[in-house]
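Residue strings, one per chain:
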Amino acid sequence: MSPPQPPVKPQTFVGQVTQAVQTIQAKVNFQALSLNPKARVPELWIQEAGADKAEVYPLLGDRYLLGRSSKSCDIVVRNPVVSQVHLSLSRDVNNRKSPFAIKDENSTNGIYQGKRRIDKLALRHGDVFTLGPPELAASVKVQYVDKPPLYVKAATWAAYGVSGVTALVALAIGLESTKFSVLPLPSPTQGPVVIYARDGETPLRPPRTTAHVDMKLLTDFSTYLPKAVVASEDSRFYWHVGVDPIGILRAVLINVQGKGFQQGASTVTQQVARSLFRDYVGAEDSLGRKLKEAVVALKLETFYSKDFLLLTYLNRIYVGSDTYGFEDASRYYFDRAAKDLTLAQSATLVGILPAPNAFDLCGNSDGLKAVDYRNRVIARMSEQGLVSQDEANRARRSPIEISRKVCEQQANTIAPYFYASVFQELQRLLGKDLANEGNFIIETQLDPKMQAQAESALRDTVSNTGSRYGFSQGAVVTLDSSTGGVRALVGGTSYRASQFNRAIQAKRQPGSTFKLFTYTSAIEQGISPGKFYSCAPLSWSGQGYRSCERSSGSVDMATGLALSENAIALRVAQDVGLDKVVKMATRLGVTSPLNPVPGLVLGQSEVNVLEMTGAFGAISNNGKWNRAHLISRILDSSDCPNRQDLKTCRVIYSFDQSPNANVQVLSPQIANTMTSMLRGVIERGTGRSAALGLGEAGKTGTTNNNVDLWFIGFVPSQQIVTGVWLGNDNNSPTSGSSAQAARLWSSYMRKVVQ
């Protein structure tokens, strides 16, 4: 056996000092080395048999010899089991952060890790080995200690956590996937969205009766259709496994920024899953439903090819107007087979998928522009290299030529503004994805006769007196005050000319109709209707307000409301507090943003006709508020025990079971007092033009320069409340007053309450 090699000259000053001391003394006293408390260096812990604790040796150098010889070794262990030079301990001199490795220097008793003898070992933190077999009583235990930095520990534990969570998720997915089978795929129950009037028998638009046809191959569709779907709906379709992690991350960021559940990142496969497995996935718009969609999508991708899933999507997706799949939609919208669709036509059908029933397909001025959405799809196809730039330019410059029957059906729809708004409310109730699937029976409270009277009254008023007083548009909303259900809704003079719904979409200053909330707050706080207030001019928050226009001196609160005196309303609001006025408006169903400034009292904040009419409805209903709504019930037409009796279909939503039904927001006494004060508006105030002689009550409203003309009133005995607005879309002034709105209200209500 060759004699042990002398130690390599240490490369560091500390190493040189250490070796010099070892040469003079029999054993290095490592404990005497003083280290910076924050220093982090590897250590060797050596514990001889029978010792209470281990000796700690900081490893500051790059190479050490360990053995019994004090002359040859840096670390001396005086134990008969240990050879003169037992092992060497070294690391890469060019990389001080590299780990140490041990090597057996031909020792007699060897190095053992457990019961296995080793010649060499790259050390890691926590490694334990013995000098000599562990069975020997005198064997020496050695432990290598090199604690990693905190960030390494954190990363390690994070990796363990991710692995654990991944395993749990995989287990959960596996367990969930046993609850349904994808072999074979369930046959879908294709059904339209049928919206019924109040009688439960009259559809607002007759459903299509054309039989659905499934195509067998992707080649049965225009080559542009699959490309358009992938480009628009799921650009990573051929990359993901049914769930798109990049899309999920983007949706999460959008939802966090929006502080709500707004986007769901559904892939094509998830949309197929939702359409075919509705019983398992569910109908609620929630994260839970999205997770179930993901489970089904993952399983579908396991058993079916991408092309088959895309084919299923093309055959089953809802494309509006009771059409399912692109073959049905192609024949309905363009009078041709899906195989013959051009790029422009394919992009049009894909472009309307986000809201099939909300698009303007007949070339009118308002509503969602199908051409804009079509061009977005074409642009995405071009960006992704799915069509050439020349093809994209040619398609983008092509007009949309819809079949004549589409526009004829739209023209024959009962209450078209109401009908279109039902789909918007459906999306709010069920979520955009599920609402677009179809297979729904929707029950409403719309009264076709009342609707016809409302349309006629608005049209006649605008036609006969609008030109004289300078207004060209209007809106009428009638509610059942006992339920909040819409009985009639007119969003403009002509749906064909303009799909903009002025009853719901338009935000308008309500003028003095907003005083309802100030006076109701005053009554609730115990202020008597007979309390007198000064008519003098006043200043509030730096803004000056004029004196009473129809009174002088001082008048009581009831008279101030009847004559719509701004000075009285402002002084009442000062007693009440602007915060109380805002809270009262919110309690009575106003959801539009309200700015608590003095101008709020006079109707400065913008609202819509529907929510204001609903607020008056709560007064009429003895203080019980019901959210103004279009949809009373939603039934799932794909889940009916008796297909011949649609009333047996499963109910998935009912307004009367919602938290917004029959909420007692005011005591009956306060509501009755306000009703009495609102009667005074018609009997002796600004609303005389609305008189019917049926105990009606209401409030006029006019904004600066007569831009907005309002009247909202109700007949308590009939449980009907109606709101009327007249004005111009461009907010230009009129020469009219609230009297024109009140006359329209009276003319219309006289016919519907008989």
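Note that the structure is a prediction, hence the values are computed from the model and not measured. (Residues numbered from 1 in each chain as written. Predicted model: local features only at pLDDT ≥ 70, side-chain atom pairs only at ≥ 80, totals over all residues. Heavy atoms only, no water.)

Chemist: How should the overall build of the protein chain be read in this particular structure?
Modeler: In terms of helices and strands, the protein chain carries 24 helices and 28 strands. In summary, the protein chain has a C-alpha radius of gyration of 40 Å against a globular reference of 27 Å for 754 residues, an excess of more than 25%. When the backbone C-alpha atoms are referred to their principal axes, the protein chain occupies close to 125 × 75 × 50 Å. Each of the 754 residues in the protein chain was classed as buried or not, and the buried ones make up 52%. A fraction of 65% describes how many contacts in the protein chain between residues 6 or more apart in sequence connect residues 24 or more apart. (Helix = DSSP H or I, 4+ residues; strand = E, 2+ residues; numbered from the N terminus. Rg over C-alpha atoms; globule rule 2.2 N^0.38 Å. Buried < 20%, exposed > 50% of the residue type's maximum accessible area, 1.4 Å probe, protein only. Contact = heavy atoms within 4.5 Å.)

Chemist: So what exactly am I meant to see when it comes to the domain arrangement of the protein chain here?
Modeler: Interfaces are frequently sized by the accessible area removed from exposure as the parts join. Under the domain assignment used here, the protein chain contains domain 1 (43-147), domain 2 (151-177), domain 3 (221-233 + 318-403), domain 4 (235-316), domain 5 (445-510 + 606-633 + 654-753) and domain 6 (515-596). One C-alpha centre belongs to domain 5, the other to domain 6, and the line joining them spans 22 Å. In total, about 2000 Å² of surface goes out of reach between domain 5 and domain 6, with carbon and sulfur atoms giving 72% of it. For the pair domain 5 and domain 6, the interface holds zero salt bridges. Along the contact surface separating domain 5 from domain 6 lie eight residue pairs in polar contact (both at pLDDT 80 or more). (Domains from an automatic or database assignment. Buried area = accessible area lost by both parts, 1.4 Å probe. Salt bridge = Lys/Arg side-chain N within 4 Å of Asp/Glu carboxyl O. Polar contact = N/O pair within 3.5 Å; in protein donor to acceptor, adjacent residues only side chain to side chain.)

Chemist: Which parts of the structure should I look at to understand the state of the cysteines?
Modeler: Joining two cysteines, a disulfide is a covalent bond between their sulfur atoms. A complete count under the given rule lists two disulfides for this structure. For Cys535, the disulfide goes to Cys548, at an S-S distance of 2.3 Å. Given an S-S torsion of about -85 degrees, the disulfide between Cys535 and Cys548 has left-handed geometry. Here Cys535 is found in the loop between strand 18 (532-534) and strand 19 (538-540), whereas its partner Cys548 is found in the loop between strand 20 (543-545) and strand 21 (554-556), with 13 residues between them in sequence. When sorted by exposure, Cys535 lands in the same class as Cys548, which is buried. Paired by a disulfide, Cys640 and Cys649 hold their sulfur atoms 1.7 Å apart. Disulfide Cys640-Cys649: the torsion about the S-S bond is 95 degrees, which places it as right-handed. Cys649 shares its class with Cys640; the two are buried. (Disulfide = S-S within 2.5 Å.)

Chemist: So what exactly am I meant to see when it comes to the nonpolar core here?
Modeler: General note: in soluble globular proteins, nonpolar side chains tend to be found buried as a group. Formed by 91 residues in total, the largest nonpolar core has its most connected members in Phe517 and Leu588. Top element by residues in this core is helix 14 (residues 416-430). It accounts for eight residues. Taken domain by domain, the makeup of this core includes at least three residues from each of domain 5 (445-510 + 606-633 + 654-753) and domain 6 (515-596). Beyond its immediate sequence surroundings of up to four residues, Phe517 is in contact with Val581, Met584, Ala585, Leu588, Val590, Met612 and Ala615. (Core = buried A, V, L, I, M, F, W, Y, C linked by side-chain atoms within 4.5 Å.)

Chemist: What is the right way to look at the sheet that holds strand 12 (residues 193-196) in this model?
Modeler: Strand pairs in the sheet, formed through backbone hydrogen bonds, run parallel or antiparallel to each other. With mixed pairing, four strands are arranged side by side in an open sheet as 12-15-23-24. Bordering the open sheet on either side are strand 12 and strand 24 (650-654), each of which pairs with just one other strand. In this sheet, neighbouring strand axes are inclined to one another by 20 degrees on average, regardless of whether the strands run parallel or antiparallel. Across four bridges, strand 23 (residues 631-636) lies against strand 24 in antiparallel orientation. In the sheet register, Leu635 faces strand 24, and the bridge partner there is Val651. Strands in contact with helix 14 are strand 12, strand 15 (440-444), strand 23 and strand 24; relative to strand 23, the strand with the most contacts, it is inclined by about 70 degrees. (Pairing = 2+ DSSP bridges. Axes fitted to C-alpha atoms, helices over the stretch in contact; angles between N-to-C directions.)

Chemist: Just checking my understanding: could you explain the pattern of salt bridges for this structure?
Modeler: Pairing is possible between side chains that carry opposite charge, provided their charged atoms lie close to one another. Scanning the model with the defined rule gives 25 salt bridges in all. Here Lys179 ties to Glu176 by a salt bridge, and the two come within 2.7 Å at their closest N and O atoms. The partner of Arg236 in a salt bridge is Asp244, and the shortest N-O contact between them spans 2.8 Å.

Chemist: Mind showing me how you'd approach a nonpolar patch on the surface here?
Modeler: Nonpolar side chains collect at one region of the surface, where Leu168, Leu171 and Leu175 lie side by side and expose about 330 Å² of accessible area between them. Residue position: Leu171 is located in helix 2 (residues 150-176). (Patch = residues over 30% accessible without salt bridge, like charges linked within 9 Å, V, L, I, M, F, W, Y side chains within 5 Å. Areas by Shrake-Rupley, 256 points an atom, 1.4 Å probe, with all protein chains shown as cover.)

Chemist: Can you help me understand the packing of aromatic side chains in this one?
Modeler: Two measures describe an aromatic ring pair: the distance that separates the ring centres and the angle between the ring planes. Under the definition given, this model contains 12 aromatic pairs. Each ring, one from Phe180 and one from Tyr280, has its centre 4.8 Å from the other, and the planes form 40 degrees; the classification is tilted. In this pair, Phe180 is assigned in the loop between helix 2 and strand 12 and Tyr280 in helix 6 (residues 278-281), connecting sequence segments 100 residues apart. When the centroid spacing of 4.9 Å and the interplanar angle of 15 degrees are considered together, the rings of Tyr304 and Phe308 count as stacked. Its relative accessible area of 16% is what places Tyr304 among the buried residues. Judged by its relative accessible area of 34%, Phe308 is partly exposed. The ring of Tyr280 is capped by Lys292, whose NZ or CZ atom sits 5.5 Å from the centre of that ring. Above the ring of Tyr373, the side-chain terminus of Arg376 is found at 4.5 Å from the ring centroid. (Phe/Tyr/Trp six-rings, centres within 6.5 Å; stacked < 30°, edge-to-face > 60°. Lys NZ or Arg CZ within 6 Å of the ring centre and 35° of its normal.)

Chemist: Would you mind showing me how to read the side chain of Thr413 here?
Modeler: By secondary structure assignment, the location of Thr413 is in the loop between helix 13 (404-411) and helix 14. The class of Thr413 is buried, set by a relative accessible area of 7%. A polar side-chain atom of Thr413 sits 3.0 Å from the main-chain carbonyl oxygen of Gln409. If we ignore the near neighbours within four places in the chain, the residues touching Thr413 are Leu204, Arg205 and Tyr419.

Chemist: Sorry if this is basic, but what is going on with the packing of helix 3 (residues 224-233) against helix 11 (residues 370-383) here?
Modeler: Between two packed helices, the angle of one axis relative to the other and the distance separating the axes together describe the packing. At a closest axis distance of 9 Å, the pairing of helix 3 and helix 11 adopts a crossing angle of 90 degrees. As far as their axial angle goes, helix 11 and helix 3 are roughly perpendicular. Residues Tyr224, Lys227, Ala228, Ala231 and Ser232 of helix 3 touch helix 11, and the partners they reach there are Val377, Arg380 and Met381. (Parallel < 35°, antiparallel > 145°, perpendicular 65-115°, else oblique.)

Chemist: Hey, could you run me through the pairing of strand 1 (residues 43-47) in this one?
Modeler: Within a regular strand, side chains alternate between the sheet's two faces. Because side chains alternate across strand 1, one face comprises the buried residues Leu44 and Ile46, and the other comprises Glu43, Trp45 and Gln47, none of which is buried. Note: strand 1 against strand 11 (residues 140-145), five bridges, orientation antiparallel. Note that in strand 11 the partner of Gln47 across the bridge is Lys141. As paired elements, strand 1 and strand 2 (residues 55-58) share four bridges and run antiparallel to each other. What sits directly across from Leu44, in strand 2, is Tyr57.

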